[in-house]
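Letter by letter, the chains look like this.
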Amino acid sequence: MVLRTRHSTSSLDLSAGSGTGPFQGPSSTNWRRERLLGIGISDGDTPTRVPTTDSEEHTPSETTSLHPNSNPHHYGTLPSFGARASDLHLRRGRPPLPKVQFRRTLSATVISPVSISPTLLRNTLSWRVSQRPISAYDAPLVNSRTAVDETDINVRINGFRVWYSSFSSIDWLHDTIKDSVRFSRLRRGKSFRSHLRLVLDKSLGWIIVTVVGFLSAVVAFLVVRSEQWFFDLKYGYCADGWWKAQRFCCPVPDDLRMSSSDEGNCSSWRAWSDVISSRIRNQPSSTFENDYIEYFTYTCVAILLATLSTLLTIHLTASTSFLTRKESGVLSPLFATNKDDQEHQPSSQPKRKVLYYAAGSGIPEIKTILSGFVIHGYLGARTLFTKSLGLALSVGSGLSLGKEGPFVHIASCVGNIVSRCHSKYENNEAKRREILSAACAAGVAVAFGAPIGGTLFSLEEVSYFFPPKVMWRSFFCAMIAAITLRFLDPFGTGKLVLFQVTYDKDWHAYDLIFFVMLGALGGVYGAYFSKLNYRWTRHVRNGTWIKDHSVVEVILVTLITALFCFLNPYTRMGGTELVYNLFAECKLGSKNMHFGLCVQEPGNLDHIWPVVRAIFMTMIMKGALTIVTFGIKLPAGIFIPTLGVGACAGRILGVAVRYLQWNHPESTLFSACGDDKDCVIPGLYAMVGAAAALSGVTRTTVSLAVIMFELTDTLTYAVPVMLSVLVAKTVADALEPKGIYDLVIELSQLPYLDAKHEYLWADFSINDVTNTEVSTICLDRPNTVMGLRDQLQSLLNAGQDDSGFPILHASRDREGMRMVGYIGASELEHALAIVADDPDGQVQFETSYVRAGHDMAASYSSYIEQGPEDPLDFSVYMDEAPLTIQSNSPLPLVHQFFVKLGARYVIVTNTDGDYEGVIDKKNWLAFLSGLEEKS
């Protein structure tokens, strides 16, 4: 199949397997690697070893820092490139490679197996900037059929980009310029069709967030219904329909829905003890035997569900299985392309640790992605499926975990998948993060039934870039999700969440004393929970034999949880059910005693002590089990277990205060109650305690308070919740500056730049962080394809896969070097792979302006009409106007470049304008990790 394009200056002869057509996605990583390794190697040459570094014997993992001890300025997480090739050789018998031949003709012949559509043909004929295969990420910038004007010069100066690799930082400035150019081209059209296309473009964001909100609610509905069925499967099944959970098999009135008063009167529900005993003896067993049978079946089913969840997580979402064509750094010694490469690995090489994308809550990774880093596959369809099914299994197993945090990850997966249906978001990472921020709000909305709280949570906790437009779309997306979930009614109660409660009484002034106490307790718990979980993960989970036996760890944790939790009715019930009963208000005359939590005589110590003791044991067990559960290799959230621990503490304090009020009604402290015996509401204390504990663990404030308001459908308790949340955060920050999500980011070595932190800069200067030894491309000497390949190889061997090359030329006085531009390692790799057949070819880098004083617009228009004179001209990939800063500038200014401008790299010059070095984002993160934060 042949395409002929006009006004070309080169000819590409691509084989069917290359996948590098002008408008196709990035070429195969194996193809690029073979092309680059084959530069300068003929078929008759002897095998040559690829250059490696001295530290190659030490295999880093995906969860280890990029910088070894010898290079303390490098930070981040390595992408997964499959098995390592520590002894990779070039072989004579290489497979046939796609050949790329450049000829200076007026037409380009492209052989491709792709079917030719009218759109592709039209775009091909209008491709005027360059006939080289630009990656599809920036393809829309060269596919425009509009006339060239000054807007296109901005694209030319900023340079084209290829796809980002995993754990590389995105270029916010480039993506912003690209979207501006795209939108300005849409506004140029004067026809009705152009205006219609412009209206559609403006409405596209709202359409996408609507679909995201709807689909997030549908997925949440399926997860909740599945989780209920799996959870009840530990006790029995419904004879009227095996797919029904117990609450739908045996419906009860609303005032008895959470009560155990009539649970044995449902003939449709078959307990496993009855089924097994009838099969064995054909007669009912004694109560003692039934208890043992229930204990055994409960434990076995729980272990089965948890094991299935972790097996799905490990085998379907291992990071090494997400190898895409968008990866760069194919020359890295960590990038193995085939089994032959792996055979050269020494047997003593340690196993490579991997990340499991469906494990945990996902919020730390979402924060990292939204801050401007790429993790391929983390928000894909496979992860969405595994996270949803695995979450239902893990919560149904009865482990001390929740599903609310993972809902944020699930909604983000939905947002990523839907947004990629249009090139506006598919080809712009910065724009796609606007949709992901809205999706996070929808995730919290379906988790707590709180659309306002979800919007604030996205702003306060996870989002990095949150302009007013994103806030409006986030609120709209959360509203759509909440409305959809309301109609789906997952619990059959008309409520969005199971523990949504209302109170009939108001709080009093004396309650504030106890609310402050609960806030302090919540802060202490949050700080020490974070410390203990951090140390358990670091020293036990990652420091012992457990790190290589994740499935065994899950089975042991599930076994311990089932053996201990079955004995206590409050630990045996589900997390949301426990929180609801602890939050509930005990109404006089109601038959619902909420599993004994409503004491008939609150002033009698003999009546309240058994309840207090059971709640206290529940609090201790939930807290201890959550410490060892959070972080195991299955989907697990932290919200519900933390709310349960805080609610237990608040309920105990509320029962104690109510006991004092009953026995000392004449006390001055309770003078506001008068003769009202139900003046104290233990459920209110439980709600305040739950908010305090969650604030201490996650360090959220405003969004958490609003979520609590939406859960109670009133602003009556705004002051108690706000007071306890603020006290809890203050105390927790004093004891442990980092919350649980920040500690998880630190443990995983995720390259996260937190814009909220402030640092003490001490006596450091820019020279302390500037990388002056970075390899550069000097235009005053010849730059061949082979020479640039070797420079790229050295850069990747040093672990600088997210870096690039400053392009310099000598200054007029020949005493320094002046900046011409900057080219990223990924862009150079892509460009070299295309011209690999000409190893001695001279690569050119030319700027868009003419130094002799010619008009820049005229010069660029001439470039467009005539086309590049040499296919080895890499100017199209060069950033001609990188951010620069003088070496005498203060460090806080550099910090603002990365935080506020979203810079990927900053060029450092001296006061005379001569080049001195580069500061890239990962080096800056490494520098910040050694600074002391302001308290």
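Residues numbered from 1 in each chain as written. Predicted model: local features only at pLDDT ≥ 70, side-chain atom pairs only at ≥ 80, totals over all residues. Heavy atoms only, no water.

This next bit is on the pattern of salt bridges. Per the counting criterion, the structure on display carries 25 salt bridges. Across the pair Arg420 and Glu426 runs a salt bridge, and its minimum N-O distance is 2.8 Å. Linked by salt bridges that have partners in common, Asp179, Arg182, Asp201, Lys424, Lys431, Glu434 and Arg473 make up one network. (Salt bridge = Lys/Arg side-chain N within 4 Å of Asp/Glu carboxyl O.)

Right, let's talk about the sheet that holds strand E7 (residues 804–810) for a bit. Pairing is mixed across the open sheet formed by three strands, whose spatial order is E6-E7-E8. If you trace the sheet from one side to the other, it starts and ends with strand E6 (777–778) and strand E8 (817–824), each paired once. Where E7 lies against E8, seven bridges are found, and the strand directions are antiparallel. Of the residues in E8, the one forming a bridge with Ile807 is Gly821. Set on the sheet, helix H28 (residues 785–797) makes contact with E6 and E7; between it and E7 the angle comes to about 130 degrees. With respect to the sheet, helix H29 (residues 825–834) is in contact with E7 and E8, its orientation differing from that of E8 by roughly 75 degrees. (Pairing = 2+ DSSP bridges. Helix = DSSP H or I, 4+ residues; strand = E, 2+ residues; numbered from the N terminus. Contact = heavy atoms within 4.5 Å. Axes fitted to C-alpha atoms, helices over the stretch in contact; angles between N-to-C directions.)

For the rest of this paragraph, the subject is the confidence of the model for the protein. Mean pLDDT over the protein: 78, with 76% of residues reaching 70 or higher. Within the protein, strand E2 (residues 108–111) has the poorest average pLDDT of any element, 32, and helix H12 (residues 381–396) the best, 95. Contacts from residues 336–352, a stretch scored under 50 in pLDDT, to residues over four places away or in other chains number 34 contacts. (pLDDT = per-residue confidence, 0-100.)

The buried count for helix H32 (residues 921–929) comes to eight of nine residues, which makes it a mostly enclosed element. In the core, the buried residues of H32 are packed alongside helix H5 (172–188), strand E5 (759–760), helix H31 (891–899) and strand E11 (915–920). The N-capping residue of H32, defined by a side-chain oxygen 3.3 Å from the backbone nitrogen of Lys922, is Asp920. (Buried < 20%, exposed > 50% of the residue type's maximum accessible area, 1.4 Å probe, protein only. Polar contact = N/O pair within 3.5 Å; in protein donor to acceptor, adjacent residues only side chain to side chain.)

An ideal rise of 1.5 Å per residue puts 18 Å on 13 residues; H28 measures up with 18 Å between its terminal C-alpha atoms. Looking only at H28, the buried set comprises Val785, Leu788, Arg789, Gln791, Leu792, Gln793, Leu795, Leu796 and Asn797. Gly799 sits one or two residues past H28 and shows a positive phi near 85 degrees. (Expected span 1.5 Å × (residues − 1).)

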